[in-house]
Amino acid sequence: MAARKNGLDERYEKITVSSLANGWKITVISIYVLFLLLIAGVQLSTAQALGILLLIHMAGWAFSTVYYNLKY
C-alpha cells in the first residue's frame with residue numbers, strides 16, 4: 001500500500017537527507033578536532049588529514065543511514 005502511494009519514496013528521501021546532514025555535522029566536528037590537534041602540536045600531513053576526514057565522513061554517513069533506517 002505504501003509503495004503505491006509513494007510512501008517508501010518519501011521515507012527514503014527523509015532518511016537520505018537526515019543522514020547526509022548528520023554526516024556533514026560529524027565532519028565539521030572532526031575538522032575542529034583536527035585543528036585543535038594541529039594547535040596542540042600534532043604533525044599531520046595533508047594526505048593524512050584528508051584521509052582521516054574522508055573516513056570519518058563516510059563512517060558518519062553510513063552509521064547515520066543505519067540509525068535512521070532503524071528509527072523510521
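Residues numbered from 1 in each chain as written. Predicted model: local features only at pLDDT ≥ 70, side-chain atom pairs only at ≥ 80, totals over all residues. Heavy atoms only, no water.

Participant: Please clarify how the overall build of the chain should be interpreted in this entry.
Facilitator: For the chain, the count of helices and strands is 2 helices and 0 strands. For 72 residues, the compact-globule estimate of 2.2 N^0.38 gives 11 Å, and the chain exceeds it by more than 25% at 17 Å. Projected onto the principal axes, the alpha-carbon positions of the chain cover approximately 60 × 15 × 15 Å. For the chain, with 72 residues in total, the buried portion stands at 18%. For the chain, the exposed surface amounts to about 5,700 Å²; the carbon and sulfur share of it is 71%. (Helix = DSSP H or I, 4+ residues; strand = E, 2+ residues; numbered from the N terminus. Rg over C-alpha atoms; globule rule 2.2 N^0.38 Å. Buried < 20%, exposed > 50% of the residue type's maximum accessible area, 1.4 Å probe, protein only. Areas by Shrake-Rupley, 256 points an atom, 1.4 Å probe, with all protein chains shown as cover.)

Participant: Honestly, the layout of surface pockets in this entry has me stumped. Any pointers?
Facilitator: A probe as big as a water molecule, rolled over the atoms, marks out the empty space that is left. One number sums up the size of the largest pocket: a volume of about 170 Å³. Along the walls of the largest pocket sit Ile31, Leu34, Phe35, Leu37, Leu38, Val42, Leu44, Ser45, Ala49 and Leu53, which together make up its complete lining. Those elements giving two or more residues to the lining of the largest pocket turn out to be α1 (7-40) and α2 (46-71). Sorting elements by how many residues they give to the lining of the largest pocket places α1 first, with 5 residues. Per-class residue counts for the lining of the largest pocket are 9 nonpolar, 1 polar and no charged. (1 Å grid on protein atoms, 1.4 Å probe; cavity = no way out; pocket = protein on both sides within 12 Å on 5 of 7 lines; lining within 4 Å. Points joined across faces, edges and corners; volume = space filled by probe spheres on them. Nonpolar A, V, L, I, M, F, W, Y, C, P; charged D, E, K, R; others polar.)

Participant: Before we go on, may I ask you to explain the environment of Phe63 in this structure?
Facilitator: Within the secondary structure layout, Phe63 lies in helix α2. Taking relative accessible area as the criterion, Phe63 reaches 63% and is therefore assigned exposed.

Participant: Before we go on, may I ask you to explain a nonpolar patch on the surface in this structure?
Facilitator: Taken together, the side chains of Ile29, Val33, Leu37, Val42, Leu44 and Ile52 make up a nonpolar region of the molecular surface, amounting to roughly 440 Å² of accessible area. Looking at which element gives the most residues to the nonpolar patch, the answer is α1, with 3 residues. Mapped onto the elements, Leu44 comes out in the loop between α1 and α2. (Patch = residues over 30% accessible without salt bridge, like charges linked within 9 Å, V, L, I, M, F, W, Y side chains within 5 Å. Salt bridge = Lys/Arg side-chain N within 4 Å of Asp/Glu carboxyl O.)

Participant: I keep staring at the side chain of Ser18 and nothing clicks. Help me out?
Facilitator: Turning to its location among the elements, Ser18 is positioned in helix α1. Residue Ser18 is classed as buried on the basis of its relative accessible area of 18%. The residues contacting Ser18, other than those within four sequence positions of it, are Tyr68 and Tyr72. (Contact = heavy atoms within 4.5 Å.)

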